[in-house]
Amino acid sequence: MGTHRSEQCRALTASEDGSDVTFSCSIGENIQLLVDRPDGTYCFRLHRDRVYYVSEKLLKGAASIPRDSLVALGTCFGKFTKTQKFRLSVTALDFLAPYAKYKVWVKPGSEQSFLYGNHVLKSGLGRITENTAQYQGVVVYSMADIPLGFGVAAKSTQDCRKVDPMAIVVFHQADVGEYVRSEDTLT
Amino acid sequence: MGRKLDPSKKEKRGPGRKARKQRGAEVELARFLPPEAESGRKKLSSHARRRAAKRRLGAAGRTAPGGGRRPAAKEQGDSQEGSPIKAVGQDPQRQSGFKDDNAKWLTPAKGKKSLSKRTSVELSSNGEVEEDSWEMEEEEQEDGSSEELMDDYGASSSDEEELLPIEKAALKQKADDRDLSEDDSEEDEVAEETSRQKTGQKEKEDAELQLNLEIDEEFKLPTDEQIEKETAEPPDLHVIHQRIKSNMEVLQDFGVKREEGRTRQEYLALLRRDMAAYYSYSDFLLKMLMDIFPLPELINFLEANEVPRPVTIRTNTLKTRRRDLAQALINRGVNLDPLGKWSKTGLVIYDSSVPIGATPEYLAGHYMLQGASSLLPVMALAPQENERILDMCCAPGGKTSYIAQLMKNTGMILANDSNAERLRSVVGNLHRLGVTNAVVSNCDGRQFPKVLGGFDRVLLDAPCSGTGVISKDPAIKTNKDEKDILRCAHLQKELLLSAIDSVNATSETGGYVVYCTCSITVEENEWVVDYALKKRNVRLVATGLDFGKEGFTRFKDRRFHPSLKSTRRFYPHTHNMDGFFIAKLKKFSNAIPKTQKDEEPAVEAAKPSTGPETVMEPQAKKKKLESSKIAQEQKKPQPALKKRHSLQEQRRPLKAVRPSPHKSYAQVPNRKKHKVKQNGQ
């Protein structure tokens with residue numbers, strides 16, 4: 001059984017904030033923009049090892065629900081694994097996509113392949129933002145500018161130009177196909 | 001897409017490959033056909049050829065009389081497979097018999113009479129042999145007339161002569177039919193059917209298919225032996241279907257068409273048995289349906305349940321617009337249309353080359369697969385921005401997300417469901433569609449408002465027996481019985497009371513509860529709403545849906561409040577959507593009315609109801625209450641007093657006319673609205 005601490009719906013402690021560095025990598029300093037929004041303050045709350053992004057108003061409204069009955073709150077951004085690593089989930093896509101600093105566009109032919117959970121190959125790469133470093137968190141888009149998911153750049157932009165078509169250029173992390181493929185694990 | 005004919009395209013000229021394309025049959029064939037210039041004559045049409053052949057044979061017949069007919073016939077006709085042009089101007093002698101190897105057994109066609117019996121010489125000349133025809137031809141050689149019509153293959157142009165045996169049989173059949181139909185019209189006109197007519201018809205019947213027979217014949221209830229026989233054998237669905245139809249006809253015009261000595265009950269019982277067998281329903285369910293629907297409508301309802309409803313989707317206006325979505329889906333190869341005038345977000349899918357539940361637009365959360373009837377309760381609820389809404393039974397989340405999109409992600413929605421497994425799909429859908437103002441919880445709906453109360457609006461899509469969605473789940477036809485329906489009704493009543501208690505009647509914009517089920521039984525719909533009307537300070541208001549059938553105000557031996565007319569029923573056979581029932585209630589007081597037997601002090605609106613189940617003293621629930629109409633409970637002469645106490649929210653409590661010894665009004669000082677309880681007479 002987990003510790004009592006993990007059952008509380010609470011604000012993230014400093015250490016956990018630090019591990020959220022993975023997605024702050026993707027969007028950089030824009031994380032502050034997520035917190036202070038024009039329509040009210042938002043915050044992150046931890047509930048059963050999952051991080052939820054909720055507005056303060058919503059939080060107040062949901063305060064009286066017993067913890068065992070509470071299933072989800074606002075938007076789930078990701079979860080902490082057993083070893084306390086933070087894993088970003090695709091449900092955060094809508095929020096992170098506008099703030100993404102590094103983007104990758106995928107050709108229509110390889111869209112489906114990415115949505116099935118495969119990595120992006122050089123042959124499927126449409127565009128990539130300049131100056132993407134290697135192992136940088138990126139947001140993957142389709143050519144119609146629909147966000148498809150998250151990834152990690154396997155090669156920097158410069159290297160991408162040089163590699164052969166079968167090399168992986170973006171590691172898959174999360175994609176919208178998971179809504180259909182792994183609906184059960186979203187909660 | 002194929003290449004379209006483009007008349008403006010230029011013809012290719014020159015020695016290249018493309019210039020060598022075909023230019024049409026006539027032109028190409030000219031390369032193979034022998035030149036026409038031989039005889040210097042025009043090419044003849046087929047009619048002309050036939051006439052020429054006739055002339056030839058006429059000449060040959062005249063020159064070769066009697067016994068020489070056969071050999072003459074054999075030699076008749078030149079090489080008829082060959083060029084038609086040669087027929088003209090040839091020697092009559094040359095026309096007898098074929099020139100090639102088949103001359104021994106091939107003979108060209110003879111006169112009319114012989115041809116009528118023969119199947120076809122033309123077939124033979126093409127290489128097929130018809131044994132029968134040859135025999136017949138030989139018999140009738142002598143009948144050959146001088147006048148013959150033949151085309152170049154030896155076939156006659158006359159219709160009669162070309163008949164195959166099967167065609168002849170068909171002609172005969174047609175003649176018989178005509179005779180019979182004259183008899184049939186007599187039958188229909190004469191309402192009473194005597195055995196005289198029947199025997200007269202029976203002779204014809206034997207020759208006819210059993211099918212035609214049963215439509216015309218009088219409908220007789222099967223005898224006991226017949227019933228026994230039928231139960232022993234596997235059911236013949238066709239016979240049963242015919243019997244259902246005939247039975248319905250009799251029942252429509254019972255006085256005239258009935259059999260003497262048989263009651264209506266017997267006909268109805270037979271009809272019920274037949275329908276249960278044909279459509280695979282349990283007897284209980286069919287009895288119930290027969291109470292709800294008149295007979296012709298019942299058939300439509302049963303038929304509609306065999307067929308699935310069209311697939312519909314709802315545009316997610318948080319992320320896209322309906323016309324953009326329609327355009328994107330059409331580009332993927334989906335055939336769709338807007339749902340109707342009543343919906344601005346619905347689309348109906350006719351067919352699709354891609355799976356609708358897996359397009360990138362679906363994954364991006366641009367639309368939700370949802371039945372058309374599920375859009376209606378949310379439209380009736382009409383949630384406003386910045387309200388607090390409770391969705392008590394939200395799985396799989398379609399209605400919740402529609403509420404969220406109408407509220408534009410403001411305010412708060414509490415999406416609750418008692419089934420943790422199904423909540424997963426709720427969370428998935430809410431995230432996919434980009435809903436941010438929802439809190440998902442897993443409580444029993446009856447625990448509200450203890451968990452949380454004071455909502456502006458509540459939507460209760462109660463768990464039900466599902467008799468409206470039989471087309472989605474045919475097992476419902478057989479596995480529902482009376483116990484199930486009553487159990488559902490009991491749960492629904494409890495949930496509805498909790499829902500009403502969770503609403504804040506004093507909310508500026510709200511105070512509404514929408515109760516809906518996907519069932520068409522009266523026990524789960526009107527009865528539950530009527531119960532709530534008696535038990536709580538609510539009244540029915542118009543749903544805002546201008547189509548749909550009105551709910552029942554009376555049913556069998558029950559009488560409901562007249563305001564039940566504002567509820568709406570939807571059926572698969574009339575509206576082409578799943579069966580549904582929707583009622584919109586407005587709460588006008590947070591007080592919970594007490595019954596006579598209840599000794600406890602009246603409780604606050606937010607606390608759960610502790611009232612007993614007896615409906616002894618229902619208080620004035622509706623401003624327009626005519627309690628005398630409700631025969632069951634309102635026997636006490638209190639309506640006048642109740643009207644005065646009709647619950648205007650800000651009114652001070654009136655003193656009781658008859659003081660109640662065991663009530664202490666002082667116990668509830670903190671209640672703003674106070675309902676005086678009338679006790680004892």
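Bear in mind that the values here come from a model prediction, so they are computed numbers and not experimental data. (Residues numbered from 1 in each chain as written. Chains lettered and ligands numbered in written order. Predicted model: local features only at pLDDT ≥ 70, side-chain atom pairs only at ≥ 80, totals over all residues. Heavy atoms only, no water.)

Draft legend 1. Up close: the overall build of chain A. Counting its secondary structure elements, chain A contains 8 helices and 13 strands. Of all intrachain contacts in chain A linking residues separated by at least 6 positions in sequence, the fraction that spans at least 24 positions is 56%. (Helix = DSSP H or I, 4+ residues; strand = E, 2+ residues; numbered from the N terminus. Contact = heavy atoms within 4.5 Å.)

Draft legend 2. Here's a closer look at the nonpolar core. Residues Met-275 and Leu-289 of chain B are the most contacted members of the largest nonpolar core, which totals 116 residues. The element that contributes the greatest number of residues to this core is helix 13 (residues 264-279) of chain B, accounting for 7 residues. Excluding its chain neighbours within four sequence positions, the residues that come into contact with Met-275 of chain B are Ile-244, Ser-280, Leu-286, Met-290, Leu-298, Ile-299 and Leu-302 of chain B. Within the second largest apolar cluster, 53 residues are counted, among which are Val-51 and Ala-97 of chain A together with Ile-349 and Ile-356 of chain B. (Core = buried A, V, L, I, M, F, W, Y, C linked by side-chain atoms within 4.5 Å. Buried < 20%, exposed > 50% of the residue type's maximum accessible area, 1.4 Å probe, protein only.)

Draft legend 3. Layout of the pairing of strand 7 (residues 438-441) of chain B. Side chains of strand 7 of chain B alternate between two faces, with Ala-438 and Val-440 of chain B and Val-439 and Ser-441 of chain B buried alike. Note that strand 5 (residues 70-73) of chain A and strand 7 of chain B share 3 bridges and pair antiparallel. The residue bridging Leu-70 of chain A from the neighbouring strand is Ser-441 of chain B, located in strand 7 of chain B. Bridge count for strand 6 (residues 412-416) of chain B against strand 7 of chain B is 4 bridges, and the pairing is parallel. Across the sheet, residue Asn-416 of chain B finds its bridge partner in strand 7 of chain B, namely Ser-441 of chain B. (Pairing = 2+ DSSP bridges.)

Draft legend 4. Just the sheet that holds strand 1 (residues 311-315) of chain B, in detail. Residue and element names in this part refer to chain B. Here we have 4 strands laid out as an open sheet, ordered 2-3-1-4, and antiparallel in their pairing. Of all strands in the sheet, those bounded by a partner on one side alone are strand 2 (334-338) and strand 4 (367-369). Across the sheet, the axes of successive neighbouring strands diverge by a mean angle of 35°, strand direction being ignored. Judged from the 4 bridges that link them, strand 1 and strand 3 (residues 346-352) form a sheet pairing that is antiparallel. Bridging across to strand 3, Thr-312 finds its partner in Val-348. Strand contacts of helix 16 (residues 322-332): strand 1, strand 2, strand 3 and strand 4, with the helix running at about 155° to strand 2, the strand carrying the most contacts. Strands strand 1 and strand 4 of the sheet are contacted by helix 19 (residues 398-407), whose axis makes an angle of about 30° with strand 1. (Axes fitted to C-alpha atoms, helices over the stretch in contact; angles between N-to-C directions.)

Draft legend 5. A look at the sheet that holds strand 12 (residues 147-153) of chain A. Residue and element names in this part refer to chain A. One open sheet holds the 6 strands; their spatial order is 9-13-12-11-8-10, and the pairing between them is mixed. Among the strands making up the open sheet, the edge pair consists of strand 9 (120-121) and strand 10 (125-128). As defined by bridge partners, strand 8 (residues 103-106) adjoins strand 11 (residues 137-142) across 4 bridges and the pair is classed as parallel. Bridging across to strand 11, Lys-103 finds its partner in Val-139. Against the sheet, helix 6 (residues 108-115) engages strand 8, strand 9, strand 11, strand 12 and strand 13 (168-175), with an angle of about 80° to strand 12.

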